[in-house]
Amino acid sequence: MGLDINRRALLAAGMAVGGVAFAPKLRAAQAGEVPIFGPNPGQALLSRNENPYGPAPSALHAIAETASKGCYYADKGVARLTAMIAERHGVAPAQVVIGSGSTEILSAIALAWGKEGAILCPGLFWDTTVNYGERQGASSIRVPLAPDMGIDLPAMAARLGEDVSIVQLCNPNNPTGMLIDNAKLRTFAGQVKAAGKTLLVDEAYNELADMPEANSLVDLVRAGDDVIVCRTFSKIYGMAGMRVGYAITSEANAARIRGYLMSFGGNVSGLAGAIASYNDEAFLNASLASIREGRSMIMDAVQKAGCSALPSQTNFVYVEVPDADALQQAMAERNISIRGAYGEWTRYSRVSTGKIEDVARYAAALPEVMDVLRS
């Protein structure tokens, strides 16, 4: 017997003939309710390194235009974005890996290279994916930061033993916000190459730094070095929740990474937004300007509060304070969300740029809060 579905049954199920949906919409949050996405009511969300000025209008238009195509797998979108990235950076499409955010790619690398030896990394950086690899059996060698809180490249070079399979850096670094001196980084890259190891650089915040191209190691990939560069659409493009990231490396490394990816083919909306906004210079310039304005406001507030901060080339600032957790709690009482302490670094507090009006709330509150905490 055939399946008999009439118009009334379709409507009862929330559908209509012709593909028009009648499913309930996500309504706006009512007073007192916590929204499904984004900050809570009245909250200044400055804890997550998001760019609330994205996605770009070009991305939003593409997302809306392609939403009805969400019933189809997104492999052609992956191919289109791959080709665009390859063209911009002067590499072959086979050298580009698209993932569900750079997180998926970094996790895949931790699994693949973690099978062959230890992951050599700084003592403080965005180590979530290394932690993931360790839970799956990988090991790491963590080198303490230099006295100025920068990554200690000479100390890391001294640890390039046979037990190391890959060296992982974040540049600019998270949570410190500091950019590695390019000449020193390239000297270190040469030492990693001489030791026969793979160098992985997470460049999630590269587009936010001064002279991003000069401070990237993509040119070493083009030169044939054993280097992996990871980027993301989560930061300057303002698409953190849409999960699109990529790696640029050799064809052999790219094939190896793909073998450890856990998702299949990407998602239509994220890819549509990424493709539409990848070359949207107007949005990217405006986005960078708002981030720099927010960063300047934070630095001014730090000075007024009698504190100091590390030099930042990102959309966050690492502020030296007496007690990061106490400052986090005091700000939370004002509905301002910032990060607490990272492990042993209890005297450093990370605050993201966020919306300008939210940064202004932080800037106004910081001197007052610091007076209370010091009393």
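Let me sum up the structure you'll find in this document. The model shown is predicted, which means the values in this text are computed figures rather than measured ones.

About the cut-offs
- Residues numbered from 1 in each chain as written.
- Predicted model: local features only at pLDDT ≥ 70, side-chain atom pairs only at ≥ 80, totals over all residues.
- Heavy atoms only, no water.
- Helix = DSSP H or I, 4+ residues; strand = E, 2+ residues; numbered from the N terminus.
- Rg over C-alpha atoms; globule rule 2.2 N^0.38 Å.
- Buried < 20%, exposed > 50% of the residue type's maximum accessible area, 1.4 Å probe, protein only.
- Contact = heavy atoms within 4.5 Å.
- Areas by Shrake-Rupley, 256 points an atom, 1.4 Å probe, with all protein chains shown as cover.
- Pairing = 2+ DSSP bridges.
- Polar contact = N/O pair within 3.5 Å; in protein donor to acceptor, adjacent residues only side chain to side chain.
- Phe/Tyr/Trp six-rings, centres within 6.5 Å; stacked < 30°, edge-to-face > 60°.
- Core = buried A, V, L, I, M, F, W, Y, C linked by side-chain atoms within 4.5 Å.
- Axes fitted to C-alpha atoms, helices over the stretch in contact; angles between N-to-C directions.
- Lys, Arg positive; Asp, Glu negative; His and termini not counted.
- Salt bridge = Lys/Arg side-chain N within 4 Å of Asp/Glu carboxyl O.

## A word on the overall build of the chain
The number of helices and strands found in the chain is 13 helices and twelve strands. Its C-alpha atoms give the chain a radius of gyration of 23 Å, near enough to 21 Å, the size a compact globule of 375 residues would have. Seen through its C-alpha atoms, the chain measures out along the principal axes to roughly 75 × 55 × 40 Å. Expressed as a percentage of the 375 residues in the chain, the buried residues total 50%. Summarising the internal contacts of the chain: among those between residues at least 6 apart in sequence, 72% fall at separations of at least 24. For the chain, the computed accessible surface area is about 17800 Å², with 54% contributed by carbon and sulfur atoms.

## Some remarks on the sheet that holds strand 10 (residues 316-320)
Strand order in the open sheet formed by three strands is 9-10-12, with antiparallel pairing between adjacent strands. Of all the strands in the sheet, the pair left with one neighbour each is strand 9 (308-309) and strand 12 (348-352). Strand direction decides the pairing type here: strand 10 and strand 12, joined by five bridges, are antiparallel. By the bridge assignment, Phe-316 is partnered in strand 12 with Ser-352.

## What about the side chain of Asn-215?
Here Asn-215 lies in the loop between strand 6 (198-202) and helix 8 (218-222). Relative accessible area serves as the criterion here: at 8%, Asn-215 is assigned to the buried category. A polar contact is formed between the side chain of Asn-215 and the backbone oxygen of Asp-210, at a distance of 2.9 Å. Apart from residues no more than four positions distant in its own chain, Asn-215 is found in contact with Asn-171, Leu-179, Ile-180, Asn-182, Glu-203, Asn-206 and Asp-210.

## Looking at the environment of Pro-311
Structurally, the position occupied by Pro-311 is in the loop between strand 9 and strand 10. Residues Pro-311 and Thr-176, spaced 135 residues apart in sequence, show a C-alpha to C-alpha distance of 8.2 Å. Sequence-distant contacts of Pro-311, that is, excluding residues within four places in its chain, are made with Thr-176, Gly-177 and Met-178.

## Things to note about the packing of aromatic side chains
If you walk through the whole model with that rule in mind, you get eight aromatic pairs. For the ring pair Phe-233 and Tyr-278, a centre distance of 5.9 Å and an interplane angle of 50 degrees mean the geometry is tilted. Pair noted here: Phe-233 is in the loop between strand 7 (227-232) and strand 8 (245-248) and Tyr-278 is in the loop between helix 10 (268-277) and helix 11 (281-304), with a separation of 45 residues, a long-range link. Just as Phe-233 is buried, Tyr-278 falls in that class too.

## Quick look at the nonpolar core
The biggest cluster of nonpolar side chains holds 66 residues, and the ones touching the most others in it are Met-149, Val-167, Leu-169, Phe-188, Leu-199, Leu-217 and Phe-233. Counting residues per element, this core draws most heavily on helix 3 (residues 75-89), at five residues. With residues up to four places along the chain from it excluded, the contact list for Phe-188 reads Leu-153, Met-156, Ala-157, Val-167, Leu-169 and Leu-199. One finds Ala-301, Val-317, Ile-336 and Ala-363 within the second-largest nonpolar core, a separate group that totals 24 residues.

## Regarding the sheet that holds strand 5 (residues 164-170)
As summarised here, the arrangement of the seven strands in space is 2-8-7-6-5-3-4, forming an open sheet in which the pairing is mixed. Edge positions in the open sheet fall to strand 2 (96-99) and strand 4 (140-143), since each of these has one partner strand only. Pairs of neighbouring strands in the sheet enclose a mean axial angle of 20 degrees, with direction left out of account. Helix 5 (residues 128-135) contacts strand 3 (118-122), strand 4 and strand 5 of the sheet and is inclined by roughly 145 degrees relative to strand 4.

## Re the side chain of Asp-202
Relative to the helices and strands, Asp-202 resides in strand 6. With no salt bridge to any partner, buried Asp-202 finds its closest opposite charge in Arg-231, at an N-O distance of 8.0 Å. In terms of polar contacts, Asp-202 uses its side chain to reach the backbone amide nitrogen of Ala-204, at 3.1 Å. Among residues more than four places away in sequence, those in contact with Asp-202 are Leu-106, Trp-126, Leu-169, Cys-170, Asn-171 and Cys-230.

## Some details on the pattern of salt bridges
Overall, the coordinates contain eight salt bridges when judged by the stated rule. A salt bridge links Lys-193 to Asp-225; its shortest N-O distance comes to 3.0 Å. Taken together, the positions of Lys-193 in helix 7 (residues 182-194) and Asp-225 in the loop between helix 8 and strand 7 put the pair 32 residues apart, joining distant regions of the chain. Exposure remark for Asp-225: the relative accessible area of 14% places this residue in the buried category. With its nearest N and O atoms 2.8 Å apart, the salt bridge here joins Glu-203 to Arg-231. With Glu-203 in the loop between strand 6 and helix 8 and Arg-231 in strand 7, this pair connects stretches of sequence that are 28 residues apart. Glu-203 gets classed as buried once you look at its relative accessible area, which sits at 0%. Here the residues in one salt-bridge network are Asp-127, Glu-134 and Arg-142, joined through shared partners.

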